Amino acid sequence: MMYQFTNQHAVCHFQRTTLDLKNGFFHVEVNEDCKHFTSFVVPDGQFEFNKVPFGLSTSPSVFQRYVYSIFRELMRKGIVIIYMDDLIIPAKDEDEGIEKLKKVFEVASKYGLEIKCKKCQFLRRKVEFLGHVVENGTVRPSVAKTIAVKKFPVPTTVKQVQSFLGLTGYFRKFIPAYSKIAKPLSDLIRSDNPFVFEQPQIEAFEKLKKLLTESPVLSIFQQGKTTELHTDASQQGCEAVLLQEAEDGKLHPVQYMSKKTTPAEEKYSSYELEVLAVVNALRKFRTYLMGNHFKIITDCSAFQRTMDKKDLVTRIARWALLLEEFDYEILHRSGQRMQHVDALSRYPVAIVTSDTLTARLKRAQQEDEYTQSLRSMIGSNNDSDFFDKNEILYKYVDGRELIVVPRDMQTEIIKLDHEKGHFSAAKTEGVVKQEFFIPNLSKQVQNVIINCVPCILTNKKSGKKDGFLNPIPKEDVPLSTYHVDFIGPLPSTNEKYQHILTIVDVFTKFTWLYPVKSTSAEDALDKLKVQQKTFGNPKRIITDRGSAFTSKAFGDYCTNENIQHFQITTGVPRGNGQVERIHRTLIPVLTKLSIADSTKWFKFVDPLQRILNSTFNRSTKWSPFELLIGVTMRNKEDLHLRDLLMEKMMEELQEQRDELRQDAKKNIQKIQAENKRTYDRKCRNAPSYQRGDLVVIQRTQFGTGLKLRPRFLGPYRIVKVKPRNRYDLEKVGNHDGPKLTNSSADLMKFYSPG
């Protein structure tokens, strides 16, 4: 951006105006179709942004494009220079400055841009722009930034080293051999190096602070002036300085460049390193040098002759092609005359990362009574764990110096560390303990994670399941309750059958299998009417929430026939468990029987139904057929035996039937009790959700492309509390999931965003 000051007449600009747009991103409207992507939930409800919010990854680029489109004509004419919400208007004199300012204001007014006047500078000879002070053809770091460097505390962690390098690195163009000076510090941030801040690191730290606080000055580049590029290289790195002739006839530095060599580059010959230095310098200063004639000054005489050769090794040839873009001449000077860059490469001598968090911690400590009480005891207490350092209270724990976090910032600090990867409680606690001391940390970490919205939506419920098993009450007569469900789709048969409608009598476990062509309500009702002809109507029917069973036609049929229709809770298939168990048996058996031709499964359904109903059942200790009819099913294998016993059995049938059914009921209840004990051992009492509570519900279906979607949907509001830990819910806001649904306690969590 600073390059835009370097047009041909930039240096003679004595008047400059800088403007700052108020709440920059809020000038841009959000497309109506995209507003739901900016949705957020607070205790008062769910809201969406009408203007582009801060914090979205695309906000800066969208806003920059928006401002450019508004001022594009003025930018083409050189009237205004823009970076994000900062505008600068250069002018030769006051009259030109006012005229240009009017044009900018007219465009800003036309598009409704708001300007923050207290941050503006009007018709100044010296202006501060993007952390730089521009004055009389020179540029230097702003006072605020140099003060930040001067007051930067001695780093005690890798993170603090990174912050310091980020701050000084933004101004590395002012510092000769920056990479060499900073090498002891930059080596510390490598993962394979231990953190040891000793004499080399201290010297590098202090030297960088000294160089930047001495107010280094660079000249502003001017098109058409005599320009020279001086380069040098060594095994440790390559450096360059871009020089330009000023009005006093002397060469003044425009910008410095330095770069450490990589492990591979360290193996280059001295000649290749010199060429590499030139190539890196040209890449760095390309915006200045393209289209301008300049001199490359080097102490490597072989470099000049190499560029004239026809046969070059591959690496040098590739670099030579890069040089073809530029208009240059190569001059050789001896090393004695190149000491100003030779020293840069041989002696170990931007984005601004402000230490905002540390400053806030410092202020918060000064206002926190607990922290002040600890500080007051430092001198009068034998406890040497607490100490002051750079006016910040620390605690020494297990060999580490930890910042004591005041109460008002404890939750914020924990959130910052937790949101780096939404770690578990133990991992988050470990990350926090690396830098901060917070009393009762474990409890506070738990509270933060419980209220973390991404974790609420993504994490599985841990520990025992909520709620105990609730068996369906059983009656002592058959044909009272049916479990009904479809299975399929199966391979289509010649008769177009693709599904099976399964009906299971709850008491006897008697099963009816009806091949059907679809899972529609019409097919289900047709088979229930067939059932009705022989067995009449049950008292109640239990189904899932498939479209056939939630249809108006099915509901009307049950109402007209005086049948209670119960629909199981979404995502709780155990509510229809009896038919689900039949299906688990049905599919593998049909697969084996029709392995030769899977489209012939239809012909095995009737024999399979007969086998199911004549087979001993573990729950009742009898076969379903015996409990329903009172006799053993006649099969062709034992017809003779059946005939001999039939007369006797018929005599005893009436007196045995009641006894059989009572015995069956006891057996069922015994199995239910056993199942309940087994299930309940893994469960706990369900939370008592109330009407109006906000919850999230577990996603029960994962189709294509949903594997990485959150495991929970929400928030939902409870609209009805039902028996057996079941709830009716309605959706709150705009997110995935049905508008109205129901769920059970073991598939729900409280929604409590922090």
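What counts and how
- Residues numbered from 1 in each chain as written.
- Predicted model: local features only at pLDDT ≥ 70, side-chain atom pairs only at ≥ 80, totals over all residues.
- Heavy atoms only, no water.
- Helix = DSSP H or I, 4+ residues; strand = E, 2+ residues; numbered from the N terminus.
- Expected span 1.5 Å × (residues − 1).
- Buried < 20%, exposed > 50% of the residue type's maximum accessible area, 1.4 Å probe, protein only.
- Contact = heavy atoms within 4.5 Å.
- Arc of directions from axis to C-beta.
- Salt bridge = Lys/Arg side-chain N within 4 Å of Asp/Glu carboxyl O.
- Pairing = 2+ DSSP bridges.
- Axes fitted to C-alpha atoms, helices over the stretch in contact; angles between N-to-C directions.

Under an unreviewed UniProt entry, the name given to the chain is RNA-directed DNA polymerase, and the source organism is Araneus ventricosus.

## Notes on helix 18 (residues 521-535)
Along an α-helix, residues three or four apart share an orientation, since each turn contains 3.6 residues. The terminal C-alpha atoms of helix 18 lie 20 Å apart, and with 15 residues this matches the ideal 21 Å at 1.5 Å per residue to within 8%. Those residues of helix 18 not exposed but buried are Ala-521, Asp-523, Ala-524, Leu-525, Leu-528 and Gln-531. Those residues of helix 18 hidden inside the fold are in contact with strand 21 (481-487), strand 22 (499-505), strand 23 (511-516), strand 24 (540-543), helix 19 (547-550) and helix 20 (552-560). At the exit of helix 18 stands Gly-536, carrying a positive phi of roughly 75°.

## Things to note about helix 10 (residues 314-323)
Within the span of helix 10, buried status applies to Ile-316, Trp-319, Ala-320, Leu-322 and Leu-323. Looking straight down helix 10, one finds its buried side chains confined to an arc of 155°; they lie on one side. For helix 10, the exposed residues set more than 90 degrees away from the buried face come down to Thr-314, Arg-318 and Leu-321.

## Considerations on the pattern of salt bridges
For the structure on display, the rule yields eight salt bridges. Between Lys-35 and Glu-32 there is a salt bridge whose closest N-O contact spans 3.1 Å. Judged by relative accessible area, which is 12%, Lys-35 ranks as buried. Of the residues examined, Glu-32 reaches a relative accessible area of 59% and is grouped as exposed. Residue Asp-736 is joined to Arg-699 by a salt bridge in which the shortest nitrogen-to-oxygen separation is 3.8 Å. A residue pair is termed long-range when its members are at least 10 positions apart, and Asp-736 in the loop between strand 29 (726-731) and strand 30 (740-744) and Arg-699 in the loop between strand 27 (694-698) and strand 28 (712-722) qualify at 37 residues.

## Quick look at the sheet that holds strand 30
One open sheet holds the five strands; their spatial order is 30-29-28-27-31, and the pairing between them is antiparallel. Looking at the sheet topology across the chains shown, the edges are occupied by strand 30 and strand 31 (748-750). Strand after strand, the sheet turns through a mean of 45° between neighbouring axes, direction not considered. Where strand 28 and strand 29 come together, six bridges link them in antiparallel fashion. Considered in strand 29, the bridge of Arg-717 is made with Glu-730.

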